[in-house]
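Here are the chains, one letter per residue:
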Amino acid sequence: MDWELIFSRALSAGIGTEAVIYALAAIGLNIHFGYTGLLNFGQAGFLAVGAYGLATTITTFGLPFWLGVTVGLVGAVLFALLLGIPTLRLRADYLAIVTIAAAEIVRLVVRSVALRGTFGGTDGLDSFSGDFYALNPYSPGSYGFWLIKFDHRTLWVLTVGWILVAAACAVVYLVMKSPWGRVLKAIREDEDAVRSLGKNVFSYKMQALVFGGVVGSLAGFLFALSRAATQPDLFSTELTFFAYTVLILGGAARVAGPVVGAMIFWLLLILVKTGMEEAVNHQVITFITVNQVGSINYMLVGLGLILLLIYRPQGIFGDKREIALDAR
Amino acid sequence: MHAETVNRRAQAQAAFAEVAPEPGAPKPDPILVVDDVIRRFGGLTAVDVKHVEIQRGSITALIGPNGAGKTTFFNQLTGFDTADAGTWTFNGRQLNGLPAHKVARQGMVRTFQLTKALSKLTVLENMRLGAQKQRGENFFRALVSSLWQGQEDEITVRAEELLERFKLDKKRDDFAGSLSGGQRKLLEMARALMVGPELVMLDEPMAGVNPALTQSLLGHVKDLREQGMTVLFVEHDMDMVRDISDWVIVMAQGAVIAEGPPDTIMADPRVIDAYLGAHHDAPLTVAEAEQQLHEAEAELEAELVPEVEEKA
């Protein structure tokens, strides 16, 4: 078995594009769910709005890159408002139902045959990332140290990505230790109590939804740019559930929780997958084929999560005392 | 201090001297005036209050049997539920139709029957949340701590003073969820005071509180009046009502059926009929008991006779 290959792939995945994308998606979810208690199951929708806002503006309408970014960000704000106005006055579980449906609506709209000319149908859109890679300061080649190697394009995506992650974390840190963040956390605990103290709960929930949604759309930009293409089925509900997994793994309502969660999640996912593939290829494991590795990998991930929730429900960074309060 | 206490109480009670003990009686200086509030749930009329006034600077109790609509009435007044009809003014300003947070900003702050401590916030953070007009509660200003830190420090000083008064200062950095039921009640009351209210509305402040803490809570409620606040509270415990209230309003089946000072209200036949008769072992003489028995028998017979005739 080629252990160097296994660890090289696992470590690269731990700081690679997927880790960055899921870190940003989960930072957005952390604002929604971790701090404000909004059960948003439609984070994939925000990523799709970001990715398609960018891609459609550039590819379909031939407009400049920065306008595409603006369209994606404004689109995320509008999507949050559209989602929030009818649902934020309802109970939390209704929000979960509506958001999951809204994200699916976005996916089905960009996938539809009728709008193929605009969004590209199931094939999606490509050739919108030229301007982004034109900004790449790294000359062509391979970069890295020890076991980790990236090409110049991936390195550029990662540079921008980790800067965005750092910036998002910094903003989350600043606002969550302020009175603004205190109101959000209080809403998570009990809305009516916050209302009785003269705070406009609806407005704060809307601000949280918009803020987390905009961070989600940043993940959408990176998702599309890193692949230099975007397809509707990248934004299925699976993406949202993985982002939740990442969030709970790292620890909800902790600034670094989603980031570390994303890194560990992708490191483990690829470690186990590549490890199993190597083991099958070298006849160490003989009772499964390489084609079955993918499914078994997800089963093991699921098992790992169940164990995590049983033995460490607060995640890696969580405070055990807080979880104990729920049991009272 | 003690003399002062007597004065405030005496003042409050003197204000009621001229008030007729009738439902909807006008008060000399009402802070809250309620007219024709109706709330229906399907076919059930939960609240139907014609006219009620709450005297400024007094402690007014709202009592009534279970299901009388006391809490529902509270919810209408504080904007936590939407009344089907009715108007009410607070300090002369119309409040009906206002959402709950705007009602609180006007200076009319409530607590809840089931205590709502914000479990995963510390006691001090619970308190700070109550302060109004915080600059740091705006998203963009929140990013620059120098814009709100000064105000935050002032708020903290005020919060610590209140925590000391409510004997929660040793708990300031504990999660509110780790407090006992009685301490949560204290915290909720202290937090409501952070808003700077004129009228404090307490929904069953004594529910689920052990007797030792009851006295302390009672003291704090009286203290609110000392500081010039008006208190309206819902309560079941008759002893407490008698002890601290200056005026009592009785609700039954959604309507206000009686009003009066606490010493005489218990003797009001309407109250006994609606409430005390059903719950207290009201002292009955043997003659009264027998008379009731006869009446009941007569009623039964009157009902049975037609049935018997039908059968025949």
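Structure's up top.
This write-up is about the structure you can find in this document. (Residues numbered from 1 in each chain as written. Chains lettered and ligands numbered in written order. Predicted model: local features only at pLDDT ≥ 70, side-chain atom pairs only at ≥ 80, totals over all residues. Heavy atoms only, no water.)

### Remarks on the pairing of strand S3 (residues 148-151) of chain A
All names here are of chain A.
Here's step 1: Burial of the side chains of S3 is restricted to one face: Ile-148 and Phe-150 are buried, whereas none of Lys-149 and Asp-151 on the reverse face is.
Here's step 2: Alignment of strand S2 (residues 142-145) against S3, held across 4 bridges, turns out to be antiparallel. By the bridge assignment for S3, Ser-142 is matched with Asp-151.
Here's step 3: Between the end of S2 and the start of S3, which pair antiparallel, lie 2 residues, with Trp-146 showing a positive phi angle near 50 degrees. (Buried < 20%, exposed > 50% of the residue type's maximum accessible area, 1.4 Å probe, protein only. Helix = DSSP H or I, 4+ residues; strand = E, 2+ residues; numbered from the N terminus. Pairing = 2+ DSSP bridges.)

### Details of the sheet that holds strand S8 (residues 230-234) of chain B
The strands that make up a sheet pair up through hydrogen bonds in the backbone, lying either parallel or antiparallel.
Residue and element names in this part refer to chain B.
Here's step 1: Spatially, the 6 strands line up as an open sheet ordered S6-S7-S8-S3-S9-S10, and their pairing is mixed. Because the sheet does not close on itself, it has two edges, and the strands there are strand S6 (108-110) and strand S10 (255-260). Between one strand axis and the next, the sheet turns by 20 degrees as a mean value, whatever way the strands run.
Here's step 2: For strand S9 (residues 247-252) and S10, the ladder comprises 5 bridges, and the chain directions are antiparallel. Paired with Ala-252 across the bridge in S10 is Ala-255.
Here's step 3: Lying on the sheet, helix H2 (residues 70-77) is in contact with strand S3 (59-63), S6, strand S7 (199-203), S8 and S9; it crosses S7 at an angle near 145 degrees. (Axes fitted to C-alpha atoms, helices over the stretch in contact; angles between N-to-C directions. Contact = heavy atoms within 4.5 Å.)

### Section: the pattern of salt bridges
Here's step 1: Per the counting criterion, the structure on display carries 30 salt bridges over all chains.
Here's step 2: With a closest N to O distance of 2.9 Å, Glu191(A) and Arg195(A) form a salt bridge. Taken as a pair, Glu191(A) and Arg195(A) lie in helix H10 (residues 191-196) at a separation of 4 residues, close to a single helical turn.
Here's step 3: Residue classification places Glu191(A) among the partly exposed positions, given a relative accessible area of 26%.
Here's step 4: Between Arg56(B) and Asp29(B) there is a salt bridge, and its shortest N-O distance comes to 3.1 Å. Residue Arg56(B) is located in the loop between strand S2 (44-55) and S3, and its partner Asp29(B) is located in the loop between helix H1 (2-15) and strand S1 (30-41); the two are separated by 27 residues in the primary sequence.
Here's step 5: Owing to a relative accessible area of 30%, Arg56(B) belongs among the partly exposed residues under this scheme.
Here's step 6: Owing to a relative accessible area of 34%, Asp29(B) belongs among the partly exposed residues under this scheme.
Here's step 7: Connected through shared salt-bridge partners, Glu104(A), Arg107(A), Arg111(A) and Asp233(A) make up one network. (Salt bridge = Lys/Arg side-chain N within 4 Å of Asp/Glu carboxyl O.)

### A few points about the nonpolar core
As a rule of thumb, nonpolar side chains are buried together in soluble globular proteins.
Here's step 1: Ranked by internal contacts, the top residues of the largest apolar core, which has 101 residues, are Leu24(A), Ile27(A), Trp180(A) and Phe235(A).
Here's step 2: In terms of residue count, helix H11 (residues 201-227) of chain A provides more of this core than any other element does, 15 residues in total.
Here's step 3: Listed in part, the 43 residues of the second largest apolar core include Met127(B), Leu168(B), Leu187(B) and Met238(B). (Core = buried A, V, L, I, M, F, W, Y, C linked by side-chain atoms within 4.5 Å.)

### Quick word on helix H1 (residues 3-15) of chain A
All names here are of chain A.
Here's step 1: In a regular helix each residue adds 1.5 Å, so 13 residues correspond to 18 Å; H1 covers 19 Å between its end C-alpha atoms and thus fits that length.
Here's step 2: Residues of H1 that are buried include every one of Ile-6, Ser-8, Ala-10, Ser-12, Ala-13 and Gly-14, and no others.
Here's step 3: On its buried side, H1 packs onto helix H2 (17-35), S3 and helix H13 (257-281).
Here's step 4: One side-chain oxygen of the residue at the start of H1 lies 3.3 Å from the amide nitrogen of Glu-4, identifying that residue as Asp-2. (Expected span 1.5 Å × (residues − 1). Polar contact = N/O pair within 3.5 Å; in protein donor to acceptor, adjacent residues only side chain to side chain.)

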